[in-house]
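# Summary of structural features
Below, each chain spelled out in residue letters.
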Amino acid sequence: MAAPQIILIPLLLPLIGSILIAICNRQGIKLQNTVAGLTVVGTFLSLGWLYLLYRQGTAIKLELLSLLDYGLTFKISSLGILMALLAALLWTLATIYAFVYMQHEHSP
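Right, let's walk through the structure included here. Remember, predicted model here, so these are calculated numbers, not experimental data. (Residues numbered from 1 in each chain as written. Predicted model: local features only at pLDDT ≥ 70, side-chain atom pairs only at ≥ 80, totals over all residues. Heavy atoms only, no water.)

## Remarks on the overall build of the protein chain
Short version of the rule: Secondary structure counts use DSSP, requiring at least four H or I residues in a row for a helix and at least two E residues in a row for a strand, with both numbered from the N terminus. Categorising residues by exposure relies on relative accessible area from a 1.4 Å probe, with only protein chains included: less than 20% of the type maximum marks a residue as buried, more than 50% marks it as exposed, and the intermediate range marks it as partly exposed. Here, residues are in contact when the closest pair of their heavy atoms is within 4.5 Å. The Shrake-Rupley method, run with a 1.4 Å probe, gives the accessible areas here. Residue values count only the displayed protein chains as cover.
Broken down by element type, the protein chain carries 3 helices and 2 strands. What you see in the protein chain, going N to C, is helices and strands ordered as α-α-β-β-α. With respect to the three principal axes, the spread of C-alpha positions in the protein chain is 60 × 30 × 20 Å. Every one of the 108 residues in the protein chain was classed for burial, and the buried ones make up 23%. Here the contacts in the protein chain between residues at least 6 apart in sequence split such that 66% fall between residues at least 24 apart. Total accessible area computed for the protein chain in this model is approximately 8,000 Å², and 69% of it derives from carbon and sulfur atoms.

## Topic: the pairing of strand 1 (residues 61-67)
What counts here: Being paired, for any two strands, means DSSP has found at least two bridges between them.
Two strands pair when backbone bridges link them, and strand 1 and strand 2 (residues 70-75) are joined in this way by 6 bridges, in the antiparallel orientation. If you follow Leu62 over to strand 2, its bridge partner there is Phe74. In textbook terms, the turn of a hairpin is the stretch between consecutive antiparallel strands, and for strand 1 and strand 2 this stretch comprises 2 residues, one of which, Leu68, has a positive phi near 55°.

## A word on a nonpolar patch on the surface
Let me state the cut-off plainly: In this scheme, patches are assembled from residues that exceed 30% relative accessible area and form no salt bridge. Like charges are connected within 9 Å, while nonpolar side chains (Val, Leu, Ile, Met, Phe, Trp, Tyr) are connected within 5 Å. By definition, a salt bridge exists where a carboxyl oxygen of Asp or Glu is found within 4 Å of a side-chain nitrogen of Lys or Arg.
Taken together, Leu79, Leu82, Met83, Leu86, Leu89, Leu90, Leu93, Ile96 and Val100 make up a surface patch of nonpolar side chains, about 870 Å² in accessible area. As for its position among the elements, Ile96 is in helix 3 (residues 78-106).

## Describing the side chain of Gln32
Spelled out, the test is: Polar contacts here mean pairs of N or O atoms no more than 3.5 Å apart (in protein, one a potential hydrogen donor and the other a potential acceptor; neighbouring residues in sequence count only if both atoms are side-chain atoms).
Residue position: Gln32 is located in helix 2 (residues 29-55). Only 3.4 Å separates the side chain of Gln32 from the side chain of Asn25, close enough to count as a polar contact. Leave out the neighbours within four places in its chain, and Gln32 touches Ile21, Cys24 and Asn25.

## Regarding the packing of aromatic side chains
Test applied: The aromatic pairing rule takes the rings of Phe, Tyr and Trp, using the six-membered ring of Trp, and pairs them if the centres are within 6.5 Å, calling planes under 30 degrees apart stacked, those over 60 edge-to-face and the rest tilted.
Evaluation of the coordinates by the stated rule reveals 1 aromatic pair. Taking the centre distance of 6.0 Å and the plane angle of 20° together, the rings of Tyr97 and Tyr101 count as stacked. With a gap of 4 residues between them, Tyr97 and Tyr101 both fall in helix 3, about one helical turn apart. For Tyr101, a relative accessible area of 40% gives the class partly exposed.

Below you can see the structure in the form of structure tokens.
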């Protein structure tokens, strides 16, 4: 059985990536684009990994907070992982398009 903390990877990777992109703002556009690309691809691949685990029948559930009868729980479902993969795929394509578009806009 896989550790339930792997659910946090596709949740935290975009947050960490956006912080790194903000830090790289002064370093140049190439570094920003590299960090953005790695963030997008890493998120998509981590969701693909979760999908493969789900398809193998691995039940992944993470309870972060439990107060009385309420709490914060993450559980992989078929519709949830499909929607997450679709959103990550569209995010990847939009990022690639933005790279090309902004390169054309900034060229003299």
